[in-house]
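Inside the fold
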Amino acid sequence: MNRKNSVALIASSLMLVAVAYGQTWTPLAKTPNISAYNPTLLTDGRVLVQDGDNFDWWILTPNINGSYLNGTWSSIPTTPGFGPLYYASQVLPDGRFLAIGGEYNFGTIGWFNQGNIYDPQKNTWSPVNAPSGWNQMGDTGCIMLPQGLVLVADPLSNQCVLFNPASSSFGAPFVNGKADGNDEEGLCLLPSGNVLTVDAVNTPNSEIFNSTTLQWSGAGSTINNLVQASTEEIGPMVLRPDGTVICFGGSQHNSIYNSVTKTWTAGPDFPTSSGGQLDCADAPACLLPSGKVICETSPGFAQAGVEFFEWNGTTLTQVPGLPTSAGDTSFTGNFLTLPTGELLFTNQSPNMYTYVSTGTPDPSWYPAITATPSSVDPGSSYIISGTQFNGMSGASAYGDDQQNQTNWPLVRITNTKSKHVFYCRAFSPSTYAVQTGSKIVSTNFQVPTATELGPSTIQVVTNGLASAPVNIIVGPPVKASTVVVYQGKYLSGSKTDVAAVDGKTYNAQSVMTSAGQTVSIEADFFLSSNQVSSVGVSASGAAASGVTGQVYLYDFVAKTFVVLNATPFGKNQTAISGSSSTNVSRFIGPGNEVRAILRGIVPPHISTVPFTLKADLIQVYA
């Protein structure tokens, strides 16, 4: 539908519902003079924004403290001949960005099937061919399936197709039971891995796409008619942490789909403003970290005078709007969840804001790290594992015109001393499934070359929720030259085994001493220079429950080892680190030698049972 010139200026007023306070909108400090459209979070923490209906694209990079409000903007290469508006888009598993189709191209309506892929590593665009027989692709819905394939729906038929990121190509189109045409229909990923859509033609019906069998089937009546009769426009769908999907209507009606019981219930209607009956036709919505969902409405499709509401699962509550709300229309709006927990809002203008709401997330929604390297080198790649890495939802939603879901993990490193923030390039997540619970999932990540060295923390961030930080060391490490086992028997391994995370362990058996059951593994290192400001040691190991791990550096003046840190060993591998920034020369011996110890100990009053200390990594950093 031609929407570009259909805006009428209508004064906005408060709804006849309670207004919730505590929600705040904050303008970005600096923005380029563009028609900001389709804000998309890249896997390295940056945000890609298009100058809508034009060929220039921009990157928002958070500042060194992780702030997007005070971030910097830079332009990237243009896409000559490709200046789309209202098209299909997805961030691919390797971090590239796919954009294909367009209701408009440089201001001309025509439903174009051109496509391009942006590679953030190379900072280049490359063309991609449209699916076979699809000559027009405006208003095209798409979504990432759990296995990493992109489901794309043809707006002019009931065909769908899969895009394979590995080959950068589309497969053969299929129908597989789709009941009606896909035009105006959005797509929502469910906890089952299947996809929900609400029919825009066969109202008030809904359908489910099985991501394993690739078959469509009926999902029942939405009870309320969610489609605007005159335009066939519909609203966005957002999955909440409780498994329900709030389906906002292109009409004044809303409905809720329960993905557990597979049933529909009627939701509350939007109220009427002084401008007319509010609806959510072709408008944005987004899951907040608190589990609430915010949406933008207009008094009739493409009419000015927007109002914002939050849905908490029971109540639809109006929240404060923007200074420009009286002249804005909801179809221009887009939301994006930022790693900070803020939402970024754009509306095809230079005006960009972050939005923060009230409410506290449930602890079970957060990602949790179960395995990570205890030391990482800038420029190198690693694997990190844990639970809930894909979040509770795709979060951001619009419909068939724009997609920027964030159900994949970001990896963030924060330097302990400076507090500076560095986002790694995440790639090849093990799944895109949401609400994965206790299932262990993973992602690969590459540490930026500019990451500051020294003690740091690592976190996984999804949909604005960050895992508990885990201590790591950012190298490069000094390699061990010799390894000695004290108060225990050498069982296996070599000096290289404690200098790299390679799947091996250096094992030592404890023996009884006056201090209790204890074992120590010493690794000796030689620095390239003694002109350093601090010396530290990082060790990664595992032992039985109740064993305390300790790390030491040798004081060459006092001729004794000095304890830097102690922490209980857990069931899984535990990283321990400590450093000294005073009297540094005391810890550097002849030939720039540094001696470090990883020790495990159980006092005799707790246990006299021998245990095995497994050291996977010991390193010195300077």
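Everything below is about the structure shown above.
In this report, the structure presented in the accompanying data block is examined. (Residues numbered from 1 in each chain as written. Predicted model: local features only at pLDDT ≥ 70, side-chain atom pairs only at ≥ 80, totals over all residues. Heavy atoms only, no water.)

1. Points about the overall build of the protein chain
Each helix and strand counted, the protein chain has zero helices and 53 strands in total. Its C-alpha atoms give the protein chain a radius of gyration of 28 Å, near enough to 25 Å, the size a compact globule of 622 residues would have. When its C-alpha atoms are laid out on the principal axes, the protein chain stretches across 85 × 50 × 45 Å. In the protein chain, buried positions account for 59% of the 622 residues. When contacts within the protein chain are restricted to residue pairs at least 6 apart in sequence, those whose partners lie at least 24 apart make up 62%. A total accessible area of about 22200 Å² is found for the protein chain, and carbon and sulfur atoms account for 53% of it. Looking at charge distribution, the protein chain has the averaged site of its 25 positive side-chain charges lying 20 Å from that of its 38 negative ones. (Helix = DSSP H or I, 4+ residues; strand = E, 2+ residues; numbered from the N terminus. Rg over C-alpha atoms; globule rule 2.2 N^0.38 Å. Buried < 20%, exposed > 50% of the residue type's maximum accessible area, 1.4 Å probe, protein only. Contact = heavy atoms within 4.5 Å. Areas by Shrake-Rupley, 256 points an atom, 1.4 Å probe, with all protein chains shown as cover. Lys, Arg positive; Asp, Glu negative; His and termini not counted. Charge placed at Lys NZ, Arg CZ, Asp CG, Glu CD.)

2. So, the nonpolar core
V47, V152 and F163 are the most contacted members of the largest nonpolar core, which totals 36 residues. If we skip the residues at most four places from it in the chain, V152 touches W134, M137, T140, G141, C142, C160, V161 and F170. V485, F525, I576 and F587 belong to the second largest nonpolar core, which has 33 residues in total. (Core = buried A, V, L, I, M, F, W, Y, C linked by side-chain atoms within 4.5 Å.)

3. Details of the packing of aromatic side chains
Two descriptors summarise a pair of aromatic rings, namely the distance from one centre to the other and the angle between the planes of the rings. Inspection of every chain in the model, using the stated rule, returns 25 aromatic pairs. Between F270 and F309 the ring centres are 5.7 Å apart and the planes differ by 55°, which places this aromatic pair in the tilted class. Taken together, the residues F270 in the loop between β22 (263-266) and β23 (272-273) and F309 in strand β27 (residues 307-311) connect sequence positions 39 residues apart. Residue F309 is classed as buried on the basis of its relative accessible area of 0%. Relative to F345, the ring of F308 lies with its centre 5.7 Å away and its plane at 80°, an arrangement referred to as edge-to-face. Of this pair, F308 sits in strand β27 while F345 sits in strand β30 (residues 343-346), and the two are 37 residues apart along the sequence. Each member of the pair, F308 as well as F345, carries the same accessibility label: buried. (Phe/Tyr/Trp six-rings, centres within 6.5 Å; stacked < 30°, edge-to-face > 60°.)

4. Side note on the side chain of S349
Counting through the fold element by element, S349 comes out in the loop between β30 and β31 (352-356). The exposure class of S349 is buried, given its relative accessible area of 14%. Among the polar contacts listed, one links the side chain of S349 to the backbone nitrogen of N351, at a separation of 3.1 Å. If we ignore the near neighbours within four places in the chain, the residues touching S349 are I34, S35 and A36. (Polar contact = N/O pair within 3.5 Å; in protein donor to acceptor, adjacent residues only side chain to side chain.)

5. Quick notes on unusual backbone geometry
With an omega of 0°, the peptide bond running from T203 to P204 counts as cis. On the secondary structure map, P204 appears in the loop between β16 (195-198) and β17 (205-209). Backbone geometry places N38, a non-glycine residue, at a positive phi of 55°. Mapped onto the elements, N38 comes out in strand β2 (residues 36-41).

6. Some words on the environment of E307
Following the sequence through the fold, E307 ends up in strand β27. Residue class for E307 comes out buried when judged on its relative accessible area of 6%. Taking the C-alpha atoms as reference points, E307 and T574, 267 residues apart in sequence, are found 50 Å from one another. Separated by 3.2 Å, the side chains of E307 and Q318 make a polar contact.

7. Description of the pairing of strand β4 (residues 57-61)
In regular strands, side chains alternate between the two faces of the sheet. For strand β3 (residues 47-51) and β4, the ladder comprises four bridges, and the chain directions are antiparallel. Bridge pairing in β4 links L48 to I59. Count of turn residues in the β3/β4 antiparallel hairpin: five residues, of which D53 carries a positive phi of about 70°. Here β4 pairs with strand β5 (residues 72-76) via five bridges, running antiparallel. Residue pairing across strands places I59 opposite S74, the latter belonging to β5. (Pairing = 2+ DSSP bridges.)

8. Overview of the sheet that holds β2
Pairing is antiparallel in the open sheet, where four strands are placed in the order β2-β3-β4-β5. In this open sheet, the two edge strands, each paired with only one partner strand, are β2 and β5. Neighbour-to-neighbour, the strand axes of the sheet open up by a mean angle of 25°, direction not taken into account. (Axes fitted to C-alpha atoms, helices over the stretch in contact; angles between N-to-C directions.)

9. Section: the layout of surface pockets
Considering only enclosed or pocket space, the largest pocket measures out at about 500 Å³ in volume. Along the wall of the largest pocket there are 23 residues; nearest its centre are L453, G454, P455, S534 and Y621. For the lining of the largest pocket, the secondary-structure elements that each account for two or more residues are β40 (454-462) and β53 (612-621). In terms of residue class, the lining of the largest pocket is made up of ten nonpolar, eleven polar and two charged. (1 Å grid on protein atoms, 1.4 Å probe; cavity = no way out; pocket = protein on both sides within 12 Å on 5 of 7 lines; lining within 4 Å. Points joined across faces, edges and corners; volume = space filled by probe spheres on them. Nonpolar A, V, L, I, M, F, W, Y, C, P; charged D, E, K, R; others polar.)

10. Description of the sheet that holds strand β11 (residues 141-144)
With respect to topology, four strands assemble into an open sheet ordered β11-β12-β13-β14, the strand pairing being antiparallel. Because the sheet does not close on itself, it has two edges, and the strands there are β11 and β14 (169-170). Two elements, strand β13 (residues 160-164) and β14, share two bridges in a ladder whose sense is antiparallel. Bridging from a neighbouring strand, N164 pairs with S169 of β14.

11. Let's talk about empty space enclosed by the protein
Under the counting rule described, the total for this entry stands at six cavities of 30 Å³ or more. Roughly 200 Å³ of volume is contained in the largest cavity. Considering the residues around the largest cavity, the lining is formed by 22 residues, among which I143, G394, S396, Q405 and N407 are closest to the centre. Of all the secondary-structure elements, those providing two or more residues to the lining of the largest cavity are β2, β7 (88-91), β11, β15 (188-189), β19 (237-239) and β35 (396-397). A per-element tally of the lining of the largest cavity places β19 first, with three residues. Split by residue class, the lining of the largest cavity holds 14 nonpolar, eight polar and no charged.

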